[in-house]
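Structural features, examined
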Amino acid sequence: MNKQLRYLILTFLFISLTSYRSIPFIGEESLESVFKRIKEEVEANSQAYVTLGDACRTIGHRLTGSANGKKAEDYAYNLFKKYGFRDTKYQGFQVESWARDTVTLQIGPPKSDNIKDVEVVSLAMTPVEADIRGTIIDAGNGLDENFEKIKDEVKGKVVLMNIGLIDAKPGQKNLHRSEKTALAIKYGAIGVVFANTVKGQVLLTGTASVTGNLISIPAVCISYESGIELRNWLQSQPNLLAMINMHNVSQPIKARNVVATLKGEHKKLRKEKIVIGGHLDSWDLATGAIDNGLGSFSVIDIARTFKALGLKSKRTIEFVAFMGEEEGLLGSKAYIERAKKTGEIDDIVYMINLDMTNNVYGFNAGGREELLSLFKELGNKVKAIDPEFGNQISNAAGLHSDNQSFLLEGIPAGTPNGKLERSVLDCYHANCDDFSLVNKKEMENTVKYTAMLLYGVANTPVFPAKRLDFYSTKEFFIKQNLRRELELGNEWRWGND
Ligand SMILES: [Zn+2]
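Residues numbered from 1 in each chain as written. Predicted model: local features only at pLDDT ≥ 70, side-chain atom pairs only at ≥ 80, totals over all residues. Heavy atoms only, no water.

Topic: the side chain of asparagine 353
- Within the secondary structure, asparagine 353 is located in strand S11 (residues 348-353).
- Look at asparagine 353 and you get buried, because its relative accessible area is 4%. (Helix = DSSP H or I, 4+ residues; strand = E, 2+ residues; numbered from the N terminus. Buried < 20%, exposed > 50% of the residue type's maximum accessible area, 1.4 Å probe, protein only.)

What follows is the structure in structure tokens.
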């Protein structure tokens, strides 16, 4: 071997071993090759759609703390085991949790036998017992300006208002149902009747509490059609009474996150952890196939794909099915509390959250500038082997799902960008969120592209974003325009200044 050639080889070796990004470690499979294998595996063998369908059929809803919820936890655990994750664990937690029992809504004029039963559901976090009777007052869309007009008349009455916005000014921002309820309580209402704004006898649930504690008055939801009928009736009978009788349960419940671990292979990097999670729990009015069967069963199938291909990861990956998300991120909060106690919180470098994530076409890095170039680079490689991938990279933090629990600790957290049809979104938290809404190909796109991105993130030589300290986390939320939302949710930890 002549000197020059030896020099060239040594230089090449040196560059290969020391340069970070594009050149893999010696003997390591290239990203392109792994991505191709992921594509083939998911397109041929994905079990995401089948297992979600089976769970919806055999279990039903997956309400946290219920017998069904427990079955769902076992179902996820058994799937991880079946796919070869010897290190699969339950992570139990105990919390006070709300569950519905019975509710009726009757409407009629005072001193009359013309009483009508209206089909209704309770919103979550409503009282354990309520039996009220009051004149109905219509607060329209239930925004500040609506209440401003009637504020002196609300006291002692039952407020009727829309969940969504009807005939609103262009650009008008809606309030969350819990915020509208808080306004009604502030003005002295004794009950709340929400009219859904989605057509087709759809009933919606979800929390009515801004604080996470039980609220003081009953709040219920009726269908769009019942809302129209009621308002027509109010035209001719302005003094209609509403009678709400409800029973709910609020008690300590036990639930379990399910955690499957793929141990990292790299001597130094395996201590670092990537968490990919989706909440397994649902509300109880339907099977929650979309919210969040889509996300949780995609996560489980991404785990399956890694095992089926024998993929090795430099960093440790934890696949997590969280419970208790719907009642206030209970499972991810418990996960974080535990990680703080064990010190493992320092090992988590990134969290990827899938909540109603469908037909993935890009990635949202989660508001950390340092991550953009990594995701662009990975996205380009995904697109190179699968041109169908849209590769739209965005970068904004979002709240109200399990990623929030990680963000609050300064841990970077992102989510794949996906798409759902309007008609599917209309069944959010409603009695129509069932398996017929799930599209097989779109769900498989979620699995396929998220698996590629996860692999890329877990194997990148240096993860570019670091955990933020307490005060930098505050600055982060302010910059992301999320302070007000966190304050409303009682999650702002940085005082009033
Ligand atoms: Zn959800």
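Concerning the state of the cysteines
- Counted by the stated rule, this structure contains one disulfide.
- The residue that forms a disulfide with cysteine 427 is cysteine 432, at a sulfur-sulfur distance of 2.1 Å. Linking cysteine 427 and cysteine 432, the disulfide has an S-S dihedral of approximately -110° and is accordingly described as left-handed.
- With relative accessibility at 19%, the residue cysteine 432 sits in the buried group.
- With no disulfide partner, cysteine 56 has as its closest neighbouring cysteine sulfur the one in cysteine 427, 13 Å distant. (Disulfide = S-S within 2.5 Å.)

Side note on the pairing of strand S8 (residues 241-262)
- Two strands pair when backbone bridges link them, and strand S1 (residues 88-108) and S8 are joined in this way by 20 bridges, in the antiparallel orientation. Looking at S8, one finds that isoleucine 107 is bridged to alanine 242.
- Pairing between strand S4 (residues 129-138) and S8: seven bridges, direction antiparallel. Looking at the pairing, alanine 130 lines up with methionine 246 of S8.
- Of the pairings in the sheet, the one linking S8 to strand S10 (residues 316-322) comprises five bridges and is antiparallel in character. Across the sheet, residue valine 259 finds its bridge partner in S10, namely valine 320. (Pairing = 2+ DSSP bridges.)

Quick notes on helix H9 (residues 330-342)
- Taking 1.5 Å per residue, 13 residues should reach 18 Å; H9 reaches 19 Å between its end C-alpha atoms and fits that length.
- Those residues of H9 that fall on the buried side of the exposure criterion are Leu330, Gly331, Ser332, Ala334, Tyr335, Ile336 and Ala339.
- Looking at the buried residues of H9, the elements they touch are S1, S8, strand S9 (273-279), S10, S11 and helix H11 (403-407). (Expected span 1.5 Å × (residues − 1). Contact = heavy atoms within 4.5 Å.)

As for the coordination of the zinc ion
- Here the zinc ion is held by the protein donor atoms His279 (NE2), Asp291 (OD), Asp355 (OD) and Asp355 (OD), which lie 2.0 to 2.7 Å from it.
- Considering all four donor atoms around the zinc ion, angles at the metal cover 51 to 148° and the coordination shape is irregular.
- The sequence pattern describing where the donors of the zinc ion fall on their chain is H-x11-D-x63-D. On the criterion of sequence distance, the pair formed by histidine 279 in strand S9 and aspartate 355 in the loop between S11 and strand S12 (362-364) is long-range, its members being 76 residues apart.
- When its relative accessible area of 0% is taken as the criterion, histidine 279 is described as buried.
- For aspartate 355, a relative accessible area of 22% corresponds to the partly exposed category. (Donors = N, O, S within 2.8 Å, 3.2 Å for Na, K, Ca; no water. Tetrahedral: all angles 85-135°; square planar, octahedral: opposite > 155°, others 65-115°.)

Some remarks on the nonpolar core
- Core analysis: the biggest nonpolar cluster contains 73 residues, and Ile38, Ile276, Phe306, Phe319, Tyr350 and Leu454 have the highest contact counts within it.
- It is helix H13 (residues 440-459) that contributes the most residues to this core, ten residues altogether.
- In this view, isoleucine 38 contacts Thr305, Leu309, Leu311, Lys448, Ala451, Met452 and Tyr455; residues no more than four positions away in its chain are not counted. (Core = buried A, V, L, I, M, F, W, Y, C linked by side-chain atoms within 4.5 Å.)

Topic: the packing of aromatic side chains
- Taken as a whole and judged by the stated rule, the model has 20 aromatic pairs.
- When the ring of phenylalanine 322 is compared with that of tyrosine 335, the centres are 5.9 Å apart and the planes differ by 80°; the resulting orientation is edge-to-face. One end of the pair, phenylalanine 322, is in strand S10; the other, tyrosine 335, is in helix H9, and 13 residues separate them in sequence. This pair shows no difference in class: phenylalanine 322 is buried, exactly as tyrosine 335 is.
- Aromatic side chains phenylalanine 389 and tyrosine 449 sit 4.8 Å apart centroid to centroid with 50° between the ring planes, which places their arrangement in the tilted category. Of this pair, phenylalanine 389 sits in the loop between helix H10 (372-385) and strand S13 (392-394) while tyrosine 449 sits in helix H13, and the two are 60 residues apart along the sequence. Each member of the pair, phenylalanine 389 as well as tyrosine 449, is classed as buried.
- Above the plane of the ring of tyrosine 361 lies lysine 419, whose end atom (NZ or CZ) is 4.8 Å from the centre. (Phe/Tyr/Trp six-rings, centres within 6.5 Å; stacked < 30°, edge-to-face > 60°. Lys NZ or Arg CZ within 6 Å of the ring centre and 35° of its normal.)

Things to note about the pairing of S9
- Counted residue by residue, S9 has seven buried out of seven residues, so it is predominantly covered.
- Side chains Lys273, Val275, Gly277 and His279 of S9 all project onto a buried face; the interleaved residues Ile274, Ile276 and Gly278 project onto the opposite face, where all are buried too.
- Where S9 meets S10, seven bridges bridge the pair, whose relative direction is parallel. Across the sheet, histidine 279 pairs through a bridge with phenylalanine 322, a residue of S10.
- Read from S9 through helix H8 (residues 289-308) to S10, the crossover connection turns out right-handed.
- With five bridges connecting them, S9 and S11 associate as parallel partners. The partner of glycine 277 across the bridge, within S11, is asparagine 353. (Right-handed = clockwise from strand over helix to strand, strands pointing away.)

A look at the side chain of threonine 88
- Summarising the element assignment, threonine 88 is placed in strand S1.
- Take threonine 88: its relative accessible area is 6%, and that puts it in the buried class.
- Within the structure, threonine 88 has its side chain in polar contact with the backbone oxygen of phenylalanine 85 (distance 2.7 Å).
- Residues within four places of threonine 88 in sequence aside, it is in contact with Tyr77, Phe80, Lys81, Val258, Val259 and Ala260. (Polar contact = N/O pair within 3.5 Å; in protein donor to acceptor, adjacent residues only side chain to side chain.)

Overview of the pattern of salt bridges
- In total, this model carries 36 salt bridges according to the counting rule given.
- The salt bridge partner of arginine 37 is glutamate 29, with a shortest N-O separation of 2.8 Å.
- Using a relative accessible area of 28% as the deciding quantity, one classes glutamate 29 as partly exposed.
- In this structure, glutamate 487 and arginine 484 form a salt bridge, with 3.8 Å as the shortest nitrogen-oxygen distance. Placement of the pair is glutamate 487 and arginine 484 together in helix H15 (residues 483-488), with a separation of three residues, close to one helical turn.
- With relative accessibility at 54%, the residue arginine 484 sits in the exposed group.
- When salt bridges that share partners are traced, they join Lys333, Lys340, Asp346, Glu409, Arg467, Glu491 and Arg493 into one network. (Salt bridge = Lys/Arg side-chain N within 4 Å of Asp/Glu carboxyl O.)

Keep in mind these values describe shape, not function.
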